[in-house]
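Remarks on the overall topology
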Amino acid sequence: QTELQQTTRDELPPDVVKQGQEQLVNEFIRRELMVQRAGEFGYRISDRELAEALAGIPALQVDGQFSRDRYAALLRSQGRSEADFEAELRRDLEINQLRNAVAASAFALPGEIRRRVELMGETRDVQLVVLPAEQFAAAVTFTPEEVAARYSKGEADFRTPESVSLQFVRLSLGDVAAGVEVTEESLRAYYEQVAAERYVATERRRARHVLVESGSDDAAALAKAEALAKRARDGEDFASLAAQNSDDPGSKSQGGDLGWSTRESFVAPFADALFAMQGGEIRGPVKTQFGYHVIKLEEIEAGHQRSLDEVRGELEADYRKDREQSAFYERSQQLADEAFASLDSLEPVAQKLGLPLQQVATFTRQEGGEPLGNDRKLIEAAFSAEVLEARQNSPAISVGDDVVVVLRVTEHRPASQRPLEEVRAQVEASLRAERAQQAAEAAAKAASARLSAGESLAAVAADLGRPVSGAMSIRRNAEGVPPDV
């Protein structure tokens, strides 16, 4: 619902909201039932399977390899912890196990498969005679009374919608952007203001590790990790040890290399150990929920504040955007104040702000009108009591994040019934099309009855004045043939 509201930039209709809520509730119920059933049947995901699934998520990869930096950054952007994300992923994988088990256990008897192949491969040789409704339109007749009855029956189809004519003043972010100046002095002052918050590079460390999963035998895993740690401290190549022994599929092929990472990239026990080490130090075993880790710290990049020259391009873009938004807000407030101060006219408002006074000739409750489009907030404002009846300027209405509009009604045209004489041709065309369709259906039924009685298709088609198609050999999924046929 939130995504749709952002797309439409408006409140959703109540029926759409209700439908979306029902779908969401049903999905939650379906998922919870699947989780419960998977638990009842004993489906489980091991830590290794979880790690492999994480490593295979494209959104968590850089250059085709799992990235802990990317993983941590995405979780931070969503306000989620690793534990919560991995618990949810584990449940999803268990549900998939259940679904796959059901799918894999399905079977079909040889006779069923043979029958399906026969049906899907079956061909039928057919000829068609098409009776277009237009062929019968010329013979359709109707009385003035029937035309009047159709007009009365479809009154809603022959009404002019309620509409207004509008004046409006439109202010956009682009209208103020050109007036924003960026000087070296203002840029430097802005840097001093925000640098401590925005342009500080936090400490990063590059490490390798060997993971030994605990599994069902924690003591054996600990002993293996201790032996690997001793071999590493005794001088064996750490990358080779990781490639041959690590249970981490994301880093094993890179010799355990975890890349440059901040503290937030790792679970607490691992991070605490890594960020307490000295360059080149080997530490472990360190216990986490994934198992036992042996860690080697390769390099340290100290945290530091980036200089003005380092961030100039990024800083200028941020500063310009900040100033444009401030100027746009101030001008929007000025537009709102002026529109309120001059409630009965938009001309002085447009003059004071140096904006054009624009027009909309026809603006309806149902569809709005160009160039304002069909934004629901603008439609509601145009047909509100204050604007429509009192003929006051509307409040300043935000359309998205970068446009503000004030509008005023100059003429109101209530919905009205169009007289029969004005729409007679439309009514007669509708009635003729309906009668022609009925005549074509009746002729087709009569032709079908004659064919069933033994007459030839050629004879029946000749009486109808229609050609017979060439013989076609078609399958069930034939293209170019109407699906009903």
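Each value, and the rule that gives it
Residues numbered from 1 in each chain as written. Predicted model: local features only at pLDDT ≥ 70, side-chain atom pairs only at ≥ 80, totals over all residues. Heavy atoms only, no water. Helix = DSSP H or I, 4+ residues; strand = E, 2+ residues; numbered from the N terminus. Rg over C-alpha atoms; globule rule 2.2 N^0.38 Å. Areas by Shrake-Rupley, 256 points an atom, 1.4 Å probe, with all protein chains shown as cover. Pairing = 2+ DSSP bridges. Buried < 20%, exposed > 50% of the residue type's maximum accessible area, 1.4 Å probe, protein only. Arc of directions from axis to C-beta. Contact = heavy atoms within 4.5 Å. Polar contact = N/O pair within 3.5 Å; in protein donor to acceptor, adjacent residues only side chain to side chain. Phe/Tyr/Trp six-rings, centres within 6.5 Å; stacked < 30°, edge-to-face > 60°. Salt bridge = Lys/Arg side-chain N within 4 Å of Asp/Glu carboxyl O. Expected span 1.5 Å × (residues − 1). Core = buried A, V, L, I, M, F, W, Y, C linked by side-chain atoms within 4.5 Å. 1 Å grid on protein atoms, 1.4 Å probe; cavity = no way out; pocket = protein on both sides within 12 Å on 5 of 7 lines; lining within 4 Å. Points joined across faces, edges and corners; volume = space filled by probe spheres on them. Nonpolar A, V, L, I, M, F, W, Y, C, P; charged D, E, K, R; others polar. Axes fitted to C-alpha atoms, helices over the stretch in contact; angles between N-to-C directions. Parallel < 35°, antiparallel > 145°, perpendicular 65-115°, else oblique.

Let's shift gears to the overall build of the protein. Broken down by element type, the protein carries 19 helices and 16 strands. Rg of the C-alpha trace for the protein: 37 Å, well past the compact-globule value of 23 Å for 485 residues, more than 25% over. Seen through its C-alpha atoms, the protein measures out along the principal axes to roughly 105 × 85 × 40 Å. Within the structure as shown, the protein displays about 28,900 Å² of accessible surface, and the carbon and sulfur contribution to it stands at 50%.

Taken together, the four strands give an open sheet; going across it, the order is 12-5-14-13, and neighbouring strands pair in antiparallel fashion. A strand with exactly one partner marks an edge of an open sheet, and here the two such strands are strand 12 (358-364) and strand 13 (397-398). Relative to strand 14 (residues 403-413), strand 13 runs antiparallel, the two sharing two bridges. Bridge pairing in strand 14 links Ile397 to Val405.

Of the strand pairs in this sheet, strand 9 (residues 282-288) and strand 10 (residues 291-301) are connected by five bridges, and their pairing is antiparallel. Of the residues in strand 10, the one forming a bridge with Val286 is His293. What sits between the antiparallel neighbours strand 9 and strand 10 is a turn of two residues.

Arg68, Tyr71, Ala72 and Leu75 are the residues of helix 4 (residues 68-78) that are buried. Buried positions in helix 4, seen along its axis, are confined to an arc of 95 degrees and lie on one side of it. In the core, the buried residues of helix 4 are packed alongside helix 3 (47-55), strand 2 (65-66), helix 5 (82-105) and strand 8 (257-261). If you check the start of helix 4, you find a side-chain oxygen 3.1 Å away from the backbone N of Arg70, and it comes from Ser67. At the C-terminal side of helix 4, Gly79 shows a positive phi close to 65 degrees.

Moving on: the packing of aromatic side chains. Counted by the stated rule, this structure contains six aromatic pairs. Members of the aromatic cluster, joined through ring pairs, are Phe66, Tyr71 and Phe85.

Let us look at the pattern of salt bridges. One pass over the structure, following the stated rule, counts 33 salt bridges. The partner of Asp309 in a salt bridge is Arg312, with the nearest N and O atoms 3.3 Å apart. With Asp309 and Arg312 both in helix 14 (residues 308-341) and three residues apart, the pair spans about one turn of that helix. Through salt bridges that share partners, Glu184, Arg188, Asp309 and Arg312 make up one connected network.

Three- or four-residue spacings in an α-helix give side chains the same orientation, since the helix completes a turn every 3.6 residues. An ideal rise of 1.5 Å per residue puts 22 Å on 16 residues; helix 11 (residues 218-233) measures up with 22 Å between its terminal C-alpha atoms. Along helix 11, the positions that sit buried rather than exposed are Ala221, Ala225, Leu228, Ala229 and Ala232. Seen from one end, helix 11 has its buried residues packed into an arc of 100 degrees, which puts them on one side. Among the exposed residues of helix 11, those oriented more than 90 degrees off its buried face are Ala219 and Lys230. Contact partners of the buried residues in helix 11: strand 7 (204-212), helix 12 (238-245), strand 9 and strand 10. Phi turns positive, to about 110 degrees, at Gly235, one or two residues after helix 11.

With 19 residues, the main nonpolar core has Leu166, Phe363, Leu372, Leu378 and Leu407 as its most contacted residues. Of all the elements in the fold, those that place two or more residues in this core are strand 5 (163-172), strand 12, helix 16 (376-382), helix 17 (385-389) and strand 14. Residues within four places of Phe363 in sequence aside, it is in contact with Glu162, Ser163, Val164, Leu166, Gly368, Gly369, Leu372, Gly373, Leu378, Ile379, Ala382 and Phe383.

This part covers empty space enclosed by the protein. Tallied over the full model, the rule gives one cavity of 30 Å³ or more. When its volume is computed, the largest cavity comes out at roughly 60 Å³. Together, Arg68, His209, Leu258, Phe266, Val267, Phe270, Phe290 and His293 line the largest cavity. Here the lining of the largest cavity is built from residues that sort into five nonpolar, two polar and one charged.

Judged by pairing direction, the sheet is antiparallel, and its four strands sit side by side in the order 8-7-10-9 without closing on themselves. The open sheet terminates on both sides in strands that have one partner only, identified here as strand 8 and strand 9. Taking each pair of neighbouring strands and ignoring which way they run, the sheet shows an average axis angle of 30 degrees. Strand contacts of helix 11: strand 7, strand 9 and strand 10, with the helix running at about 165 degrees to strand 9, the strand carrying the most contacts.

The next point concerns unusual backbone geometry. In this structure, the amide linkage connecting Gly284 to the following residue, Pro285, adopts the cis form with an omega of 0 degrees. With respect to the element layout, Pro285 can be found in strand 9. With omega at 10 degrees, the peptide bond leading from Glu370 into Pro371 counts as cis. With respect to the helices and strands, Pro371 occurs in the loop between strand 12 and helix 16. Although it is not a glycine, Arg391 adopts a positive phi angle of roughly 55 degrees.

Following both chains from N to C, one finds helix 3 and helix 5 inclined at 100 degrees, their axes separated by 10 Å at the closest point. Here helix 3 lies roughly perpendicular to helix 5, going by the angle between them. Of helix 5, the residues touching helix 3 (which contributes Asp47, Glu49, Leu50, Ala53 and Leu54) are Phe85, Glu86, Leu89, Arg90, Leu93 and Gln97. Of the residues assigned to the contact of helix 3 with helix 5, the class counts are six nonpolar, one polar and four charged.

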